[in-house]
Amino acid sequence: MQRIKSLYIIILTTLIFASCKDDSKVTQDINTNGVVSTFYFIRHAEKDRTDPENVDPELNQRGLGRAMHWAEILKDVDLDIIYTTDYERTSMTAAPTAVKKELDVKYYEPQNVNIEQFKKDNLGKNVLVVGHSNTTPDFVNQMIGIDLYYEMDDTDNGSLFIVQIVGQQATSQRLHINCNCPKER
């Protein structure tokens, strides 16, 4: 009789702990399901191509104008953080927005981004990510979980990818922003 009581207590205790564990998971899912994270992905603005040997050129005059234009476009977005690769052209593209928003820029290496950790680190935030023609679409694809976007044309400095994640559901859109910036002479 004592063994049956002990067995009954063990089974009951196991069921109670198991149900508590499941309840906490449900609560955790409910708490993150309503959280909205929004990511704005852009490619660096037009770079100076006068020296083909320079692997890290700055922006040209048109690119500086576009960087200022991005800051104006994003002026009403309450950005929490700005990420950029460690290149002159990406840093210079992010700079006007960072100054206007009074935000420091964090550097990232596209090939070393852990997407799930990136999403967790930026949960509930509005994030600007400045990259390159070959890295930006790939980053967006990883964020949304499908291969929807392809490497950008080398002349495309005006695409804005917006990724919004609510819980585990990701949506994206691509906008083309024209810039009436002065052309190079």
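Up top is the structure these notes are about.
Residues numbered from 1 in each chain as written. Predicted model: local features only at pLDDT ≥ 70, side-chain atom pairs only at ≥ 80, totals over all residues. Heavy atoms only, no water.

## Examining the overall build of the protein chain
Cut-off, in case you're wondering: The way it works is that DSSP assigns letters per residue, a run of H or I at least four long becomes a helix, a run of E at least two long becomes a strand, and they are numbered from the N terminus. For every residue, the accessible area obtained with a 1.4 Å probe (protein chains only) is divided by the maximum for its type, and the residue is called buried under 20%, exposed over 50%, and partly exposed between those limits. Residue contacts are defined here by distance: any two heavy atoms, one from each residue, within 4.5 Å place the two residues in contact. To measure how exposed things are, a 1.4 Å probe is used in the Shrake-Rupley method; for residues, cover is taken only from the protein chains shown.
In terms of helices and strands, the protein chain carries five helices and six strands. Relative to its full complement of 185 residues, the protein chain shows a buried share of 38%. In the protein chain, the share of contacts with a sequence separation of at least 24, taken over all contacts with a separation of at least 6, comes to 66%. For the protein chain, the exposed area adds up to about 11700 Å²; of that, 51% sits on carbon and sulfur atoms.

## Some details on a negative patch on the surface
Defined as follows: Residues enter a patch when their relative accessible area is above 30% and they make no salt bridge; the linking distance is 9 Å between like charges and 5 Å between nonpolar side chains (Val, Leu, Ile, Met, Phe, Trp, Tyr). Throughout this description, the term salt bridge denotes a Lys or Arg side-chain nitrogen within 4 Å of a carboxyl oxygen of Asp or Glu. Charged residues are defined here as Lys and Arg on the positive side and Asp and Glu on the negative side; His and the ends of the chain fall outside this count. Here the site of a charge means NZ on Lys, CZ on Arg, CG on Asp, or CD on Glu.
A cluster of like negative charges, contributed by Glu-58, Asp-86, Glu-88 and Glu-109, occupies part of the molecular surface. Residue placement: Glu-88 occurs in helix H3 (residues 88–101).

## Considerations on helix H2 (residues 61–73)
Filter applied, for reference: Multiplying 1.5 Å by the helix residue count minus one yields the expected span of that helix. Side-chain atoms alone can form a polar contact between residues adjacent in sequence; in general such a contact is a pair of N or O atoms within 3.5 Å, and within protein one must be able to donate a hydrogen while the other accepts it.
With 13 residues, H2 ought to run about 18 Å at 1.5 Å a step, and its terminal C-alpha atoms sit 19 Å apart, in line with that. Looking at H2, one finds that the buried residues are Arg-62, Gly-63, Arg-66, Ala-67, Trp-70 and Ala-71. Here the buried face of H2 lies against strand S1 (36–43), H3 and strand S5 (159–166). Sitting at the head of H2, Asn-60 places a side-chain oxygen 3.1 Å from the backbone nitrogen of Arg-62.

## With respect to helix H5 (residues 136–144)
For H5, the buried fraction is high: seven of the nine residues fall into the buried class. Where H5 ends, the next residue or the one after it, Gly-145, has phi of about 80 degrees, a positive value.

## Some thoughts on the sheet that holds strand S3 (residues 105–107)
Each strand in a sheet pairs with another by means of backbone hydrogen bonds, the pair being arranged parallel or else antiparallel. How we decide: Pairing between strands requires that DSSP locate at least two bridges from one strand to the other. For helices, the axis comes from a line fit to the C-alpha atoms of the stretch in contact; other axes are also lines fit to C-alpha atoms, and the angle between any two N-to-C directions lies between 0 and 180 degrees.
Read across the sheet, six strands follow the order S3-S2-S4-S1-S5-S6 without closing on themselves; strand pairing throughout is mixed. Of all the strands in the sheet, just S3 and strand S6 (169–176) have a single pairing partner and so form its edges. Within this sheet the neighbouring strands show an average axis-to-axis angle of 20 degrees, counted without direction. Note: S5 against S6, eight bridges, orientation antiparallel. Residue pairing across strands places Val-163 opposite Ser-172, the latter belonging to S6.

## Considerations on the packing of H2 against H3
Inclusion rule: Each crossing gets its hand from how the near helix is turned against the far one by less than a right angle, where anticlockwise is left-handed and clockwise is right-handed. All amino acids are sorted into three groups, where Ala, Val, Leu, Ile, Met, Phe, Trp, Tyr, Cys and Pro are nonpolar, Asp, Glu, Lys and Arg are charged, and the leftover types, Gly among them, are polar.
Where H2 meets H3, the axes come as close as 8 Å, and the angle between the chain directions of the two elements is 35 degrees. The crossing of H2 and H3 is right-handed. Between H2 and H3, the residues in contact are Leu-64, Ala-67, Met-68, Trp-70, Ala-71 and Glu-72 and Met-92, Thr-93, Pro-96, Thr-97 and Lys-100, respectively. When the residues that make up the contact of H2 with H3 are grouped by side-chain class, the tally is seven nonpolar, two polar and two charged.

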